[in-house]
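Breakdown of the fold
One-letter residues, chain by chain:
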Amino acid sequence: MKPTISELIRPSVLRLKPYSSARDDFKGKTDGMVFIDANENPFGSGLNRYPDPRQTSLRKAIGSHKGIDPSYILLGNGSDEVLDLIVRVFCEPGSDKVVTLPPTYGMYEVIAGINDIGIVRINLDNHFQPDLKAIAEVNDERCKILFLCSPNNPSGNALSVEKVEAILKSFKGIVVIDEAYSDFSKTDSWTTRLTEYPNLIVTQTLSKAYGLAAIRLGICYADPQIIEALNRIKPPYNVNSLTQEAALLKLHNIDGVRKEVKRILEERRRLSESLKKSPIVKKIWPSDANFLLVRVDNADKRYEDLLDMKIVVRNRSNLPGCENCLRFTVGTEEENNKLLEAINKLK
Ligand SMILES: *Cc1c(COP(=O)(O)O)cnc(C)c1O
């Protein structure tokens, strides 16, 4: 038997009496009202008032864009804040653990570390897919969360649907699927499966495909019971007004996002085809994201060589399965040409 969601949530979070902000206390119509409840400066600059703590318009807009009820959505200051909230809702410091599947996004471990949560690492197999047998052997009830990243950073591949389903069925805790790169992938978002798996949380971000890394907006999709628990602990005004506005504007210009994604995908293909011809390139993995993982002859040396030619890439060669690997983000056509020219000079 799997534990229920309320059995997974930390007892202290369930007991907590959440902070009630001025904006929470008064929820009526705003027209014609005098607001002297929040100690704000009354002189209107457009930014003198606190933002909507529940981001009602933005969650509605995201919900209708994705076809998901807003009660399944929580927003954060980047998905990094969302991931931190998730860890703090479910994991008891000093005793609980999370499971990560390296090579993957480094923040899962950092967030666990900051919160004094243990880490169980189960490396992805040599196709960068989850090792189901090893995951099934994790029977420790202290393992509250398993992090999946699909498409995975830094390997670039989407995780096998069958394997993720098997994990969702068998893992007794919460399964988080980080979909920071799903807009670049042909595979469906796992948000379509939320009602089927109450222990599933999906995270997305406006930092990659939407071109808004600077505004810091992360999205969490989960069962309303989980959203309610996250809301209990989130800072009341965690998403500022400028961010909410910029995100709404972008959602009204979704065609622009689609066009940029299409161009990035065309460039990804061209970059990959051209890189293949270089003698220093040993392997390029197929990518469902906006970057390529590339094995070269000597990653440390090539990293320095490229820096000398004013090109900054990510050296991922210290991660398991990524020996001598560099990660190249797909840039503009001009940027990609510069990378290709530089690579072609290397012997
Ligand atoms: C870039 C990245 C994020 C970052 O998200 P923010 O919303 O910018 O905090 C999250 N997950 C993965 C796997 C990423 O690569």
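Each remark here, short or long, concerns the structure printed above.
A few points on the structure.

1. Structural notes on the overall build of the chain
- Counting its secondary structure elements, the chain contains 13 helices and eleven strands.
- Its C-alpha atoms put the chain at 70 × 50 × 30 Å along the principal axes.
- Summarising the internal contacts of the chain: among those between residues at least 6 apart in sequence, 69% fall at separations of at least 24.
- Here the chain carries 49 positive and 46 negative side-chain charges, and the mean point of each set is 2 Å from the other.

2. Overview of the site of the ligand
- Taken together, the neighbourhood of the ligand is formed by 13 residues, with Ser79, Tyr181, Thr205, Lys208 and Arg216 sitting nearest.
- In this structure, an oxygen atom belonging to the ligand sits 3.1 Å away from a main-chain N or O atom of Asp80.
- Within the side chain of Tyr181, an N or O atom sits 2.6 Å from an oxygen atom of the ligand.
- Within the complex, the protein chains bury 93% of what would otherwise be the 390 Å² of accessible surface of the ligand.
- Here the element with the most residues in the shell around the ligand is helix H5 (residues 78-90); it accounts for three residues.

3. Some thoughts on the environment of Asp188
- Looking at the element boundaries, Asp188 is found in the loop between strand E5 (174-178) and strand E6 (200-205).
- You can call Asp188 exposed: its relative accessible area is 62%.
- As for Asp188 and Val239, which are separated by 51 residues in sequence, their C-alpha atoms are 27 Å apart.

4. Thoughts on the sheet that holds strand E9 (residues 291-296)
- Taken together, the four strands give an open sheet; going across it, the order is E8-E9-E11-E10, and neighbouring strands pair in antiparallel fashion. In this open sheet, the two edge strands, each paired with only one partner strand, are strand E8 (281-284) and strand E10 (314-315).
- On the sheet, helix H12 (residues 299-308) packs against E9, E10 and strand E11 (325-329) and is oriented at approximately 35° with respect to E11.

5. Some remarks on the pattern of salt bridges
- All told, the structure shown has 21 salt bridges when counted by the stated rule.
- One salt bridge in this structure joins Glu267 and Arg270, with 2.8 Å as the shortest N-O distance. You can see Glu267 and its partner Arg270 sitting in helix H11 (residues 254-275), three residues apart, about one turn around the helix.
- Under the relative-accessibility criterion, Arg270 is labelled partly exposed at 28%.

6. Observations regarding the pairing of E11
- Most of E11 sits inside the fold, with four of its five residues counted as buried.
- Inspection of the sheet shows E10 paired to E11 by two bridges, in the antiparallel sense. When the sheet's bridge partners are listed, Arg314 is paired in E11 with Arg327.

7. What about the packing of helix H4 (residues 56-66) against helix H10 (residues 241-251)?
- Packing of H4 against H10 leaves a shortest axis separation of 10 Å and a crossing angle of 25°. With respect to their mutual orientation, H4 and H10 come out roughly parallel. Crossing geometry of H4 relative to H10 is assigned as left-handed. Within the contact between the two elements, H4 uses Ser57, Leu58, Ala61, Ile62 and His65 and H10 uses Gln244, Ala247, Leu248 and Leu251.
- Residues of the contact of H4 with H10, tallied by class, amount to six nonpolar, three polar and no charged.

8. Some thoughts on empty space enclosed by the protein
- This model, assessed by the stated rule, comprises one cavity of 30 Å³ or more.
- Within this model, the largest cavity holds a volume of roughly 40 Å³.
- In terms of lining, the largest cavity is formed by Ser150, Pro151, Ala158, Glu179, Ser182, Ser185, Thr187, Asp188 and Trp190.
- Among the residues making up the lining of the largest cavity, the classes are represented as three nonpolar, four polar and two charged.

9. Here's the deal with the nonpolar core
- Within the largest apolar cluster, 52 residues are counted, with the highest numbers of intra-cluster contacts made by Ile62, Leu148 and Leu217.
- Those residues within four positions of Ile62 in sequence are excluded, and the remaining contacts are Ile73, Leu75, Leu217, Ile219, Tyr221 and Leu251.
- Core analysis: the second largest hydrophobic core is formed by 31 residues, Ile9, Ala112, Ile174 and Ala229 among them.

10. Structural notes on the layout of surface pockets
- There is about 760 Å³ of room inside the largest pocket.
- Taken together, 33 residues form the lining of the largest pocket, with Tyr181, Lys208, Asn290, Phe291 and Thr329 sitting closest to its centre.
- Put simply, the parts of the chain that give the lining of the largest pocket at least two residues each are H11, E11 and helix H13 (333-345).
- At five residues, H11 tops the list of elements feeding residues into the lining of the largest pocket.
- Residue composition of the lining of the largest pocket, grouped by class: twelve nonpolar, ten polar and eleven charged.
- What lines the second largest pocket is a set of 23 residues, among which Arg23, Tyr50, Pro51, Asp52 and Pro53 lie closest to the centre.

Calculation rules
- Residues numbered from 1 in each chain as written.
- Predicted model: local features only at pLDDT ≥ 70, side-chain atom pairs only at ≥ 80, totals over all residues.
- Heavy atoms only, no water.
- Helix = DSSP H or I, 4+ residues; strand = E, 2+ residues; numbered from the N terminus.
- Contact = heavy atoms within 4.5 Å.
- Lys, Arg positive; Asp, Glu negative; His and termini not counted.
- Charge placed at Lys NZ, Arg CZ, Asp CG, Glu CD.
- Near = heavy atom within 4 Å.
- Polar contact = N/O pair within 3.5 Å; in protein donor to acceptor, adjacent residues only side chain to side chain.
- Areas by Shrake-Rupley, 256 points an atom, 1.4 Å probe, with all protein chains shown as cover.
- Buried < 20%, exposed > 50% of the residue type's maximum accessible area, 1.4 Å probe, protein only.
- Pairing = 2+ DSSP bridges.
- Axes fitted to C-alpha atoms, helices over the stretch in contact; angles between N-to-C directions.
- Salt bridge = Lys/Arg side-chain N within 4 Å of Asp/Glu carboxyl O.
- Parallel < 35°, antiparallel > 145°, perpendicular 65-115°, else oblique.
- Left-handed = near helix turned anticlockwise from the far one by under 90°.
- Nonpolar A, V, L, I, M, F, W, Y, C, P; charged D, E, K, R; others polar.
- 1 Å grid on protein atoms, 1.4 Å probe; cavity = no way out; pocket = protein on both sides within 12 Å on 5 of 7 lines; lining within 4 Å.
- Points joined across faces, edges and corners; volume = space filled by probe spheres on them.
- Core = buried A, V, L, I, M, F, W, Y, C linked by side-chain atoms within 4.5 Å.

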